[in-house]
Amino acid sequence: MSEVKISAETRTEFGKGAARRIRRDSKVPGVLYGHGSDPLHLTLPGHDLLLALRTPNVLIALDIDGKSNELAIPKAVQRDPLKGFLEHVDLLLVKRGEKVTVEVPVHTEGELAAGGNLLEHVLNALPVEAEATHIPESVTVSIEGLEAGASVLAKDITLPKGTTLAVEEDAVVLQVLAAQAEEAPEGEAAEGEEVAEA
């Protein structure tokens, strides 16, 4: 996983008014916490942060006020529900070699067995534990030829070296459902006609 370098500034103003001023300058308020240290309130460049967050579990190398360099991963991101711009970000401080628990997106490849079956993602993201500097961007699962009733369990997914499951091995990640026919039973139609006649 590559690191994304972002310059950040510590902030001393708090509250809604201060947050609005920060966002007007195309910046994003954030908090860096972890390792028992006091939370550090930051201002981050909005565009750079938006680009970085396109990668799930991105490792961010923060240059804070040009003095200290810290590694962090995004823990919570708040977006405007209508416009989608970043409102706030919580960053978790990590160290090289440290194990962290994150959720990794699950991608599928291949085609289900013929017959109009549907694939249900029970878990869109798989909880795993990995070294902070080697978090996988995603995991890929083959669904080739799976038929209705088939399931893919967490233990069935091949994980990259150094990554372990952070969920029960028997947790269902994907399942194949039979296609539902949308025909109304004949009895219901007949009852409807009788009511119309009365």
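Residues numbered from 1 in each chain as written. Predicted model: local features only at pLDDT ≥ 70, side-chain atom pairs only at ≥ 80, totals over all residues. Heavy atoms only, no water.

K.L.:
I'd like a description of the overall build of the chain, backed by residues and values.
P.N.:
From N to C terminus, the chain includes 3 helices and 13 strands. Sorting the 198 residues of the chain into buried and exposed places 33% on the buried side. Within the chain, contacts between residues separated by at least 24 positions form 63% of all contacts whose residues are at least 6 apart in sequence. In the structure as shown, the chain presents an accessible area of about 12,100 Å², 48% of it carried by carbon and sulfur atoms. (Helix = DSSP H or I, 4+ residues; strand = E, 2+ residues; numbered from the N terminus. Buried < 20%, exposed > 50% of the residue type's maximum accessible area, 1.4 Å probe, protein only. Contact = heavy atoms within 4.5 Å. Areas by Shrake-Rupley, 256 points an atom, 1.4 Å probe, with all protein chains shown as cover.)

K.L.:
Lay out the sheet that holds strand β2 (residues 27-34) in plain terms, naming residues and giving numbers.
P.N.:
A barrel is described by the order of its strands in space; here 6 strands give the closed sequence β1-β3-β2-β6-β5-β4, paired in mixed fashion. Here the strands of the sheet are splayed against their neighbours by 45° on average, with no regard to which way each runs. Strands β2, β3 (37-45) and β6 (86-94) of the sheet are contacted by helix α1 (residues 16-24), whose axis makes an angle of about 120° with β2. (Pairing = 2+ DSSP bridges. Axes fitted to C-alpha atoms, helices over the stretch in contact; angles between N-to-C directions.)

K.L.:
So what's going on with the environment of T43? Residues and values would help.
P.N.:
Residue position: T43 is located in strand β3. A relative accessible area of 8% means that T43 is categorised as buried. Separated by 36 residues in the primary sequence, T43 and S7 place their C-alpha atoms 9.0 Å from one another. Setting aside chain neighbours within four positions, we find T43 in contact with A8, E9, R11, I22, K27 and V28.

K.L.:
Please provide a residue-by-residue account of the side chain of H88, values included.
P.N.:
Here H88 shows up in strand β6. We classify H88 as buried; its relative accessible area is 18%. Apart from residues no more than four positions distant in its own chain, H88 is found in contact with R11, V28, P29, G30, V31, A76, V77 and Q78.

K.L.:
Would you mind going over the nonpolar core in detail, with residue names and values included?
P.N.:
Among the nonpolar cores identified, the biggest contains 24 residues, and I73, V94, V100, V102, L126, I157 and V173 are the most heavily contacted of them. Of all the elements in the fold, those that place two or more residues in this core are β4 (59-64), β5 (68-79), β6, β7 (99-109), β9 (125-131), β10 (139-142) and β13 (172-177). Per-element tally for this core: the top contributor is β7, with 4 residues. Once you skip the residues sitting within four places of it in the chain, V94 turns out to touch H35, L59, L71, A72, I73, V100 and A132. Core analysis: the second largest hydrophobic core is formed by 18 residues, A8, L44, L62 and L93 among them. (Core = buried A, V, L, I, M, F, W, Y, C linked by side-chain atoms within 4.5 Å.)

K.L.:
If you had to explain the sheet that holds strand β11 (residues 151-153) to someone new, which residues and values would you point to?
P.N.:
Note: strands within a sheet are paired through backbone hydrogen bonds, in either parallel or antiparallel orientation. Strand order in the open sheet made by the 3 strands is β8-β13-β11, with antiparallel pairing throughout. In this open sheet, the two edge strands, each paired with only one partner strand, are β8 (118-121) and β11. Each adjacent strand pair in this sheet contributes to an overall mean axis angle of 15°, direction not counted. Of the pairings in the sheet, the one linking β11 to β13 comprises 3 bridges and is antiparallel in character. Within the sheet, the bridge partner assigned to L153 lies in β13 and is V172.

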